[in-house]
Amino acid sequence: MKSKPARKSQRKQRPYDNSKRSENDRARGGVSPAATSPALRGFPSPRLNIPINGRILYRDFCRQLASQLNPGVEPRSDWELLKLAYERMTGDLADVYAFLDKELLEDVDLQGSVEIVQRCCAKALDNYIEPTGYKPLPGEVNPFVHIRPIPDTKYSIRLFPGSFTDAEYCLDFIDSATGEPVNSPFEFELFAGPGETNTPWLSLPIAMKLRSIENAHGIRTQDIRPGEEKFILRDGQMCVLTRPGKPKIRFTVPIRQKAKSAEEVEDAIVLDFPKILQVDP
């Protein structure tokens, strides 16, 4: 989010845990998966109802966050909606609203007026975002969520969509029987490289070992909250999962394409020549 309430650097004791949040994280719009993953700020990621195309009004996104992080606390303004969406409150309702009133006054003092603060918040909330990293519910029916069992284990690989614009897909491991996500259920390494040819967003034609979002942000695997581990892939990438003493598992990440409208469909005759011909050695 580009516009957000300015904040003072020194604060008195607060009725919530905010010790690990940076200034730039306070009202981010879900562009960066790391910035928007509540698991990176000390509490479990909520399970959100994200539309199947991955695009959601930021206001609706924040309402879901706020209702799960602060159940029973009704935001009285757009400014409070942003605050409740990203900061867990404690104490009774009177304490929470008193704290919010005090925080708002500090932001108003810095920005000049309540109208300016609320206008900036409303402008941000009325944008559409494409959040990456929020996991679907177990058993959720979504044509963009794909699950495949891993041979000789009770676990499966799950692919679920992230930002369509940035061609991001996510991977995690789930219990095949329950659908619940699990962290690194066995020893493995995950590699990704270029796959399909029509993928200009895969600019580097090299293979690389992938780390989870959490590992990339300095969180050790054993310290990741249960079920929160996830990996960021790209549409069209070819991936290889290796396990000691087991055959490699190879798969290609689906490619999402925007459906063409009737006006965009070219009026032409298509000749169907073969694309690939096998030649004996």
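Since the model is a prediction, treat every value here as computed from it, not as a measurement.

Colleague: Explain the overall build of the protein chain here, please?
Modeller: Scanning the protein chain from N- to C-terminus turns up 6 helices and 11 strands. Across the 281 residues of the protein chain, 45% fall into the buried class. For the protein chain, the proportion of contacts with a sequence separation of at least 24, taken over those separated by at least 6, is 57%. Accessible surface computed for the protein chain: about 16300 Å², of which carbon and sulfur atoms make up 53%.

Colleague: Explanation requested: helix α2 (residues 58-69) in the structure shown.
Modeller: For an α-helix, 3.6 residues make a turn, and residues three or four places apart therefore share a direction. With 12 residues, α2 extends 16 Å from end C-alpha to end C-alpha; this agrees with the ideal 16 Å at 1.5 Å per step. Considered for burial, the residues of α2 that qualify are Y58, R59, F61, C62, Q64, L65, A66 and L69. Where the residues of α2 are buried, they touch β1 (56-57), α3 (78-86), α5 (114-125) and β2 (128-129).

Colleague: In this structure, what is going on with the pairing of strand β10 (residues 238-242)? I would like to understand it.
Modeller: Each regular strand displays side chains that alternate between the two surfaces of the sheet. The element β10 is largely enclosed, with a buried count of 4 among its 5 residues. As paired strands, β10 and strand β11 (residues 249-252) are joined by 4 bridges and run antiparallel to one another. In the sheet register, C239 faces β11, and the bridge partner there is F251. What sits between β10 and β11 in their antiparallel hairpin is a turn of 6 residues, with G245 showing a positive phi close to 75 degrees.

Colleague: Is there a simple way to explain the pattern of salt bridges in this structure?
Modeller: Pairs can form between side chains of opposite charge whenever their charged atoms are close. For the coordinates displayed, the defined rule picks out 14 salt bridges. Measuring nitrogen to oxygen at the nearest pair gives 3.4 Å for the salt bridge that ties K83 to E103. With K83 in helix α3 and E103 in helix α4 (residues 93-111), this pair connects stretches of sequence that are 20 residues apart. For the pair shown, K83 and E103 are each scored as buried. Measuring nitrogen to oxygen at the nearest pair gives 2.9 Å for the salt bridge that ties R256 to D235. Linking R256 in the segment after β11 with D235 in the loop between β9 (231-234) and β10, this pair joins segments that are 21 residues apart in sequence. Here R256 and D235 have matching classes, each one buried. Linked through salt bridges whose partners overlap, the residues forming this network are R59, D78 and D126.

Colleague: Help me out: how do you make sense of the side chain of E130 in this one?
Modeller: Looking at the secondary structure, you find E130 in the loop between β2 and β3 (146-149). Summary of buried charges: E130 has no salt-bridge partner, and the nearest side chain of opposite charge, R55, is 4.6 Å away. Polar contacts involving the side chain of E130 include one to the side chain of S163, which spans 2.8 Å. A polar contact of 2.8 Å, which involves the side chain of E130, links it to the backbone nitrogen of T165.

Colleague: In this structure, what is going on with the packing of aromatic side chains? I would like to understand it.
Modeller: The geometry of two aromatic rings is summed up by the distance between their centres and the angle between their planes. Tallying each qualifying case throughout the model produces 7 aromatic pairs. Pairing F173 with F188 gives two aromatic rings, centres 5.0 Å apart and planes at 65 degrees, and the pair type is edge-to-face. Here F173 is found in strand β5 (residues 168-175), whereas its partner F188 is found in the loop between β6 (181-182) and β7 (189-193), with 15 residues between them in sequence. Neither F173 nor F188 differs from the other in exposure class; each is buried.

Colleague: Would you mind going over the side chain of N142 with me for this structure?
Modeller: Locating N142 in the fold gives a position in the loop between β2 and β3. Judged by its relative accessible area of 10%, N142 falls in the buried class. Among the polar contacts listed, one links the side chain of N142 to the backbone nitrogen of F144, at a separation of 2.8 Å.

Colleague: Honestly, α3 in this entry has me stumped. Any pointers?
Modeller: Of all 9 residues in α3, 9 are buried; the element is thus mostly enclosed. Listed as buried for α3 are D78, W79, E80, L81, L82, K83, L84, A85 and Y86.

Colleague: Explanation requested: the sheet that holds β10 in the structure shown.
Modeller: Hydrogen bonds along the backbone pair up the strands of a sheet, which may run parallel or antiparallel. Strand order in the open sheet formed by 4 strands is β8-β7-β10-β11, with antiparallel pairing between adjacent strands. Every interior strand has two partners, whereas the edge strands, β8 (208-209) and β11, have only one. Pairing between β7 and β10: 5 bridges, direction antiparallel. Counted as the bridge partner of L190 is L241 from β10.

Colleague: What is the right way to look at the packing of α4 against α5 in this model?
Modeller: For any two helices packed against each other, one specifies the crossing angle of their axes together with the interaxial distance. Running from N to C, α4 and α5 cross one another at 100 degrees; their axes reach a closest spacing of 8 Å. Relative to α5, the element α4 lies roughly perpendicular. On α5, the residues touching L104, D107, V108 and Q111 of α4 are V114, I116, V117, Q118 and C120. Considered class by class, the residues forming the contact of α4 with α5 number 6 nonpolar, 2 polar and 1 charged.

The rules we used
- Residues numbered from 1 in each chain as written.
- Predicted model: local features only at pLDDT ≥ 70, side-chain atom pairs only at ≥ 80, totals over all residues.
- Heavy atoms only, no water.
- Helix = DSSP H or I, 4+ residues; strand = E, 2+ residues; numbered from the N terminus.
- Buried < 20%, exposed > 50% of the residue type's maximum accessible area, 1.4 Å probe, protein only.
- Contact = heavy atoms within 4.5 Å.
- Areas by Shrake-Rupley, 256 points an atom, 1.4 Å probe, with all protein chains shown as cover.
- Expected span 1.5 Å × (residues − 1).
- Pairing = 2+ DSSP bridges.
- Salt bridge = Lys/Arg side-chain N within 4 Å of Asp/Glu carboxyl O.
- Lys, Arg positive; Asp, Glu negative; His and termini not counted.
- Polar contact = N/O pair within 3.5 Å; in protein donor to acceptor, adjacent residues only side chain to side chain.
- Phe/Tyr/Trp six-rings, centres within 6.5 Å; stacked < 30°, edge-to-face > 60°.
- Axes fitted to C-alpha atoms, helices over the stretch in contact; angles between N-to-C directions.
- Parallel < 35°, antiparallel > 145°, perpendicular 65-115°, else oblique.
- Nonpolar A, V, L, I, M, F, W, Y, C, P; charged D, E, K, R; others polar.

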